[in-house]
Amino acid sequence: MRLPVVVRLLVPLVLSAAAACAAARGQPEPDCNGCVPPGARAGVRFQRNGEMPGGDTTTVLTVVFDDGRQVRTTRSTEWRGEARNAWAPWFETATTDSLRATGILQSAMGDTLAVGTASFPLRADWWWGVRWDVARVSVILSQPGIDPATYTRYFPLRTDTGQADPRALYVRSGVRSISNPTPF
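Definitions and cut-offs
- Residues numbered from 1 in each chain as written.
- Predicted model: local features only at pLDDT ≥ 70, side-chain atom pairs only at ≥ 80, totals over all residues.
- Heavy atoms only, no water.
- Salt bridge = Lys/Arg side-chain N within 4 Å of Asp/Glu carboxyl O.
- Buried < 20%, exposed > 50% of the residue type's maximum accessible area, 1.4 Å probe, protein only.
- pLDDT = per-residue confidence, 0-100.
- Helix = DSSP H or I, 4+ residues; strand = E, 2+ residues; numbered from the N terminus.
- Contact = heavy atoms within 4.5 Å.
- Phe/Tyr/Trp six-rings, centres within 6.5 Å; stacked < 30°, edge-to-face > 60°.
- Lys NZ or Arg CZ within 6 Å of the ring centre and 35° of its normal.
- Pairing = 2+ DSSP bridges.

### Brief notes about the pattern of salt bridges
Here's step 1: Taken as a whole and assessed by the stated rule, the structure comprises 3 salt bridges.
Here's step 2: Across the pair Asp67 and Arg69 runs a salt bridge whose closest N-O atoms are separated by 3.3 Å.
Here's step 3: The class of Asp67 is buried, set by a relative accessible area of 1%.
Here's step 4: One salt bridge connects Arg131 with Asp133, and the closest N-O pair in it is separated by 2.9 Å.
Here's step 5: Ionic contacts of the salt-bridge type, sharing partners, join the residues Asp67, Arg69 and Arg72 into one network.

This is the structure we're talking about:
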């Protein structure tokens, strides 16, 4: 049986309208990595990255962060994306003072491998992106297109202490401004 032309034209419209309504009801939308929610004034988003050669996807990263108003915690097991490139939700922050973020890297068994803290100044229109990498020191320093100066904050893994080329938890950050919205 062949459907009338009007029905054939309306079916795709009805289906797309239903999908739009589902999204409006709060159904999850795909993560867009560096996106900042509309109307956000200051905030931070964390990324757990295992894409470096020798990178790690079996450990769990917990980030405890304090913006002067409240202390919050987020875990890489709760983030969106793939195991090698996961993003935390967007967190609004205070608009003055500083953000103190502590990364706690743990093995799958729960052993603490590394702990590192970094601080970032907060401004009314600044959005921070903070990326945590796990790799060997030589790998980070030899990557093409990577400025070693951007990896000045790193914390060797406890299990690699004393090694000539230890693995480390690296902190890399970037900031965008509402008044100058360049990518991280």
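### Thoughts on the confidence of the model for the protein
Here's step 1: Looking at the protein, pLDDT values average 75 and 67% of them are 70 or higher.
Here's step 2: For the protein, the element scoring lowest by mean pLDDT is helix H1 (residues 5-24), at 39; strand E3 (residues 71-75) scores highest, at 96.
Here's step 3: For residues 5-31, every residue scores under 50 in pLDDT, and the model assigns this stretch 10 contacts once sequence neighbours within four places are set aside.

### Re the environment of Asp56
Here's step 1: With respect to the helices and strands, the residue Asp56 is situated in the loop between strand E1 (43-49) and strand E2 (60-66).
Here's step 2: Owing to a relative accessible area of 12%, Asp56 belongs among the buried residues under this scheme.
Here's step 3: For the pair Asp56 and Arg167, spaced 111 residues apart in sequence, the C-alpha to C-alpha distance is 9.9 Å.
Here's step 4: Aside from chain neighbours lying at most four places away, what touches Asp56 is Arg48, Gly50 and Val134.

### Here we look at the packing of aromatic side chains
Here's step 1: One pass over the structure, following the stated rule, counts 5 aromatic pairs.
Here's step 2: Where Trp126 meets Trp128, the ring centres are 6.1 Å apart and the plane angle is 75°; that geometry is what we call edge-to-face.
Here's step 3: Residue classification places Trp126 among the partly exposed positions, given a relative accessible area of 25%.
Here's step 4: By the ring-pair criterion, three or more aromatic residues cluster together here, those being Phe46, Phe65 and Phe91.
Here's step 5: Just above the ring of Trp126 sits the side chain of Arg123; from NZ or CZ to the centre is 5.2 Å.

### Thoughts on the pairing of E1
If a strand is regular, its side chains alternate between the two faces of the sheet.
Here's step 1: Here E1 lies mainly inside the structure; 7 of its 7 residues are buried.
Here's step 2: Burial along E1 is two-sided: Gly43, Arg45, Gln47 and Asn49 facing one way and Val44, Phe46 and Arg48 facing the other are all buried.
Here's step 3: As paired strands, E1 and strand E6 (residues 91-92) are joined by 2 bridges and run antiparallel to one another. Looking across to E6, one finds that Gly43 is bridged to Glu92.
Here's step 4: Bridge count for E1 against strand E9 (residues 126-136) is 7 bridges, and the pairing is parallel. Opposite Arg48, over in E9, you have Trp132 as the bridge partner.
Here's step 5: Note: E1 against strand E5 (residues 85-87), 3 bridges, orientation antiparallel. Of the residues in E5, the one forming a bridge with Gln47 is Trp87.

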